[in-house]
There are 4 protein chains.
Amino acid sequence: MLDETQRQLVTNRLKSVEGHVRGISKMVEEESYCIDILHQIKAVQKALDQVAAITLKNHLHTCVTSAIRSKNTDDKERVVDEVMQLFKATSKL
Amino acid sequence: MLDETQRQLVTNRLKSVEGHVRGISKMVEEESYCIDILHQIKAVQKALDQVAAITLKNHLHTCVTSAIRSKNTDDKERVVDEVMQLFKATSKL
Amino acid sequence: MLDETQRQLVTNRLKSVEGHVRGISKMVEEESYCIDILHQIKAVQKALDQVAAITLKNHLHTCVTSAIRSKNTDDKERVVDEVMQLFKATSKL
Amino acid sequence: MLDETQRQLVTNRLKSVEGHVRGISKMVEEESYCIDILHQIKAVQKALDQVAAITLKNHLHTCVTSAIRSKNTDDKERVVDEVMQLFKATSKL
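Remember, predicted model here, so these are calculated numbers, not experimental data.

Describing a positive patch on the surface
1) Next: Among the surface-exposed residues, A:Arg69, A:Lys71, D:Arg69 and D:Lys71 lie close enough to one another that they form a single positively charged patch.
2) Next: You can see D:Arg69 is positioned in helix H2 (residues 34-69).
3) Next: What makes D:Arg69 partly exposed here is its relative accessible area of 45%.

Right, here's the structure in full:
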């Protein structure tokens, strides 16, 4: 779970991503050059990667840390598996 | 440039991406589990990859085709370089 | 198809990638720190992306150009589809 | 650090990657179709992602777990930062 400050930061970034996507829709309607549209799509994906990085770092410092410190082996297995699933989704596996 | 049908398709998809991003903001505000938020971010990035694929395919069939068929060598160089820039942005180069 | 100069360039790069992978095997046997191994794996993947970029650029300038200039619509469809398949494999689609 | 079994597994996979890269060199020398070469490069990158996944999972279960369980806050910060660096290298950040 994100704390108050991080939640605000992530929410602001997502709000900005939403505006960026709306901007791309406008470019499409105004018949912009495809290559320019494609670069804006990449920029949005990069902004989302940054939101993901904030979220993941927070997750490692909170839930993953608690689960690893708890005596519960299943909890530890679960959080490691979840991080691995994410890593695999990010790679091409 | 996208034709009328493709423009509609792409605009609809981008509208749906916008809604999806708004949904993630809501998840953040409702203090959802970080891993669930991260998977939704991946899903949006995948949806954007699909929009990019439609746009690129169209670009190859229109602008790239015209430039390659024209007698202008500079035009051909330019469209190939643009596609290469995009490929490099998509890889990790 | 790559011309003589490019074939030499690509072959040299692949030879260097092979040596790099052998170096990672050695790191594993010498019980190096996992994070160092992981960064070397990323470096090899980046080197392969560069080989792919040389190969793709060449492909666009030769086969794709010929196919698009030929009168054969099927040929054009095929080369565009092949480039799209590659783009999809490179993205997360 | 990888244990004996995992070290063997990773070493075997890297050996196979080496052979695969050598095979691509041969394809280049035999003037294979560029698209076929490009797909083989993708396959090697995917195999390397699998080696990376084994290594990372092991790293989370050993070094990251020890560092998080230790009383040393710097150690915990360091391992989280290292995982984040890797995630950023894997994304497009």
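So, next bit.
Observations regarding the pattern of salt bridges
1) Next: Counting across every chain of the model gives 36 salt bridges over all chains.
2) Next: As a salt-bridge pair, B:Arg7 and A:Glu31 come within 3.1 Å of each other at their nearest N and O atoms. Of the two residues, B:Arg7 is situated in helix H1 (residues 4-29) and A:Glu31 in the loop between helix H1 (4-29) and helix H2 (34-69); the pairing between them involves two chains.
3) Next: Since its relative accessible area comes to 37%, A:Glu31 is described here as partly exposed.
4) Next: Here A:Lys42 and B:Asp49 are joined by a salt bridge, their closest N and O atoms 3.9 Å apart. Separated into two different chains, A:Lys42 in helix H2 and B:Asp49 in helix H2 (residues 34-69) make up a pair that spans both.
5) Next: Judged by its relative accessible area of 13%, A:Lys42 is buried.
6) Next: Beyond isolated ion pairs, a larger network of salt bridges with shared partners links A:Lys15, A:Glu18, A:Arg22, B:Lys15, B:Glu18 and B:Arg22.

Here's the deal with the relation of the copies chain D and chain C
Copy one and copy two of the chain differ by a rotation about an axis and a translation along that axis.
1) Next: In screw terms, the move from chain D to chain C is a rotation of 180 degrees and a rise of 0.0 Å along the axis, fitting with an RMSD of 0.0 Å. Seen this way, the second copy is the image of the first under a two-fold rotation axis.
2) Next: Of all interface residues in chain D, 100% are interface residues in chain C too; the two copies therefore contact each other through one and the same surface.

A closer look at the packing of helix H1 (residues 4-29) of chain C against helix H1 (residues 4-29) of chain D
1) Next: Closest axis-to-axis distance for the H1(C)/H1(D) pair is 9 Å, and the angle between their directions is 170 degrees. Taken together, H1(C) and H1(D) sit at an angle that is classed as roughly antiparallel. Contact residues: H1(C) offers C:Arg7, C:Val10, C:Thr11, C:Leu14, C:Val17, C:Glu18, C:Val21, C:Arg22, C:Ile24, C:Ser25, C:Val28 and C:Glu29, while H1(D) offers D:Arg7, D:Val10, D:Thr11, D:Leu14, D:Val17, D:Glu18, D:Val21, D:Arg22, D:Ile24, D:Ser25, D:Val28 and D:Glu29.
2) Next: Looking at the contact of H1(C) with H1(D), its residues break down into twelve nonpolar, four polar and eight charged.

Cut-off values and rules
Residues numbered from 1 in each chain as written. Chains lettered and ligands numbered in written order. Predicted model: local features only at pLDDT ≥ 70, side-chain atom pairs only at ≥ 80, totals over all residues. Heavy atoms only, no water. Patch = residues over 30% accessible without salt bridge, like charges linked within 9 Å, V, L, I, M, F, W, Y side chains within 5 Å. Areas by Shrake-Rupley, 256 points an atom, 1.4 Å probe, with all protein chains shown as cover. Salt bridge = Lys/Arg side-chain N within 4 Å of Asp/Glu carboxyl O. Lys, Arg positive; Asp, Glu negative; His and termini not counted. Charge placed at Lys NZ, Arg CZ, Asp CG, Glu CD. Helix = DSSP H or I, 4+ residues; strand = E, 2+ residues; numbered from the N terminus. Buried < 20%, exposed > 50% of the residue type's maximum accessible area, 1.4 Å probe, protein only. Least-squares fit on C-alpha atoms with pLDDT ≥ 70 in both. Contact = heavy atoms within 4.5 Å. Axes fitted to C-alpha atoms, helices over the stretch in contact; angles between N-to-C directions. Parallel < 35°, antiparallel > 145°, perpendicular 65-115°, else oblique. Nonpolar A, V, L, I, M, F, W, Y, C, P; charged D, E, K, R; others polar.

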